[in-house]
Every structure is written in structure tokens, then in C-alpha cells.
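# Architecture and fold: a report
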Amino acid sequence: MEIVAISMNVGDNILKVRATIPQGVELVAVSKFHLNDAIMDAYKVGQRVFGESRATELKAKATSLPDDIRWHFIGHLQTNKVRMIMPYVTLIHSVDSERLLRLIDAEAARINKVVDVLLQVYVAQEESKFGFAPDELLQLIGSGIVNELSNVRVVGVMGMATNTDDENRILEDFRAINQTYQNARVLLKENNNFTQISMGMSDDYLMAIAEGSTMVRIGSSIFGNREY
Ligand SMILES: *Cc1c(COP(=O)(O)O)cnc(C)c1O
């Protein structure tokens, strides 16, 4: 399902995508593998939130592009790359282990920063999987860890639907991610930071929004195809 017809003009694409996204849903422009010029085209029409999936690339872009860009890390994060991105990142979407969560807290503390993170929940029917199973995620939250961390705010969950044309499958996955969020919320009681559900990419973001997404991560509909 191709939602927006892509032109060569990144600025036009951003405006077209944004017109389909309701207020209160954050657009993360996924700029991985794209050059600074393309990012600046998006910046010029007001985009300030960009997502990257590789640590070295995020650092290179963050140190050469305007300071008011908010960088989100969206890919699998290796523990040995946490220190590299910490000065630049405002939200890490992809926390998939307790060890990584504690390390992020320690690295943020080291540079006197408080960083926001999402816990990645895994629901898709796929082989390469990162993230917590829903019950693992709830166990982690139930352990009380969120209140122990001094330099991390756990602000919600992130998930991906199965990569398939079967819309029922995609809907079920988004519902499972949302349900995990709701269950975690209940466990967190009076914690008011836990407000975000990051789900939805170029091909499925309208469905994700209909199922409660508060943050969509859109790359190819804005920047065109990536050349790896
Ligand atoms: C690359 C990527 C996206 C963007 O995907 P598109 O299909 O290009 O919109 C979103 N989320 C994650 C985690 C990604 O790695």
C-alpha cells in the first residue's frame, strides 16, 4: 500500500505526508542513508525531528547539521555504540534489553543528561527479531526499574508490524503493540511520562495512527528509496 505519491522533491513530500497526519502525532523523518542536503530540504519546510539507525551516521549528521534538530535513534543499538550517540540523541526508540536500558542510564549520567527512551515490543511474525515479547516487557516494567533510573525517562513503547501485504495481520500487530502499552500504563500507575506509542512506517502509518500511534517513523515516502 503506497500512501503518498513520491516526488523528487523532499520538501513537497514532507508537506504531503504531514497533511495526512493528525495533530498530536509526531512525524519522525527517517533520514538514514540519505545525505545532508536531503535533510536540509526537509528542515527548510520546518521538519525538526529526524530518525537514524546507525550510530556513526547519526553522529556525523548531528555534528554537521543545525543544532535545533532533534535526533531519534530508531535502529538496533549495540551496547558499544551508546556512548557515541549519547550527546546527540533526544529519544532512543529501540531499547530491547534491560542491560541496554541500564547502560543508557549510566552513559546519560556520565554526561549529565536525561534521555528519553521507548521500550521496543516485538509482535511481528518474522525471523530477525529485536525487542521484548509483550509479557517480557510487562515483567520488566513490573520489576519497578523505571523508577530506579535517574537519567532515563521511559516514555512509551515502539513496535513494528509484520512485513506483509496482509492488512489483517498488520492491524493485529498494531493492536497487540497498543495493548502492551495499555497494560504497561496500568502497571506504572501515577507515572505520567509514559505517553508514546511509536508505530507506523511509510507503507502502514495510516493504519498505525488509526490503532493509536502517537509517533510515526517515515523514510521512503519522504526521501525516496534508500541505496544501501
Ligand atoms: C527504516 C526504518 C523506518 C522507515 O521505513 P520506511 O518504510 O522507509 O518508511 C521506520 N522504522 C524503523 C525502525 C526503520 O529502521
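Definitions and cut-offs
- Residues numbered from 1 in each chain as written.
- Predicted model: local features only at pLDDT ≥ 70, side-chain atom pairs only at ≥ 80, totals over all residues.
- Heavy atoms only, no water.
- Helix = DSSP H or I, 4+ residues; strand = E, 2+ residues; numbered from the N terminus.
- Rg over C-alpha atoms; globule rule 2.2 N^0.38 Å.
- Buried < 20%, exposed > 50% of the residue type's maximum accessible area, 1.4 Å probe, protein only.
- Contact = heavy atoms within 4.5 Å.
- Core = buried A, V, L, I, M, F, W, Y, C linked by side-chain atoms within 4.5 Å.
- Near = heavy atom within 4 Å.
- Polar contact = N/O pair within 3.5 Å; in protein donor to acceptor, adjacent residues only side chain to side chain.
- Areas by Shrake-Rupley, 256 points an atom, 1.4 Å probe, with all protein chains shown as cover.
- Salt bridge = Lys/Arg side-chain N within 4 Å of Asp/Glu carboxyl O.
- Lys, Arg positive; Asp, Glu negative; His and termini not counted.
- Pairing = 2+ DSSP bridges.

Helix and strand content of the protein chain: ten helices and eight strands. Against the compact-globule benchmark of 17 Å for 228 residues, the protein chain has a radius of gyration of 17 Å, which places it among compact chains. Once the C-alpha set of the protein chain is aligned to its principal axes, its extents read approximately 50 × 45 × 35 Å. Across the 228 residues of the protein chain, 51% fall into the buried class. Of all intrachain contacts in the protein chain linking residues separated by at least 6 positions in sequence, the fraction that spans at least 24 positions is 60%.

Let's shift gears to the nonpolar core. Membership of the largest hydrophobic core comes to 63 residues, with the highest contact counts inside it found for L101 and I104. Top element by residues in this core is helix α8 (residues 167-188). It accounts for six residues. Beyond its immediate stretch of four places on either side in the chain, L101 contacts V95, V117, L119, L140, I145, L149, V152 and V154. Counting seven residues, the second largest nonpolar core, distinct from the first, contains V49, L91, L118 and M215.

Moving on to the site of the ligand. As a matter of local geometry, the ligand sits amid V30, K32, I74, M160, M201, S202, R217, I218, G219, S220 and R226. One nitrogen or oxygen atom from the side chain of K32 is found 2.7 Å from an oxygen atom belonging to the ligand. Backbone polar atom of G219 to an oxygen atom of the ligand: 2.8 Å apart, as the coordinates give it. Isolated, the ligand exposes 390 Å² of accessible area, and the fraction of that covered by the protein chains is 89%.

Here the idea is simple: oppositely charged side chains can pair when their charged atoms come close. Tallying each qualifying case throughout the model produces eleven salt bridges. A salt bridge links E148 to R102, with the shortest nitrogen-to-oxygen separation between them at 3.3 Å. Residue E148 is found in helix α7 (residues 145-148), and its partner R102 is found in helix α5 (residues 98-110); the two are separated by 46 residues along the sequence.

Attention shifts here to the side chain of D105. Positionally, D105 belongs in helix α5. No salt bridge is formed by the buried D105. Its closest oppositely charged neighbour is R102, at 6.6 Å. Excluding anything up to four places from it in sequence, D105 contacts L149, S150, N151 and V152.

Here we come to the pairing of strand β4 (residues 89-95). In terms of burial, β4 is a largely internal element, six of the seven residues being buried. Sheet topology places strand β3 (residues 70-73) next to β4; three bridges connect them, and they run parallel. Its bridge partner lying in β4, H72 is registered against L91. Two elements, β4 and strand β5 (residues 115-121), share three bridges in a ladder whose sense is parallel. Counterpart to V95 in the pairing with β5 is L119.

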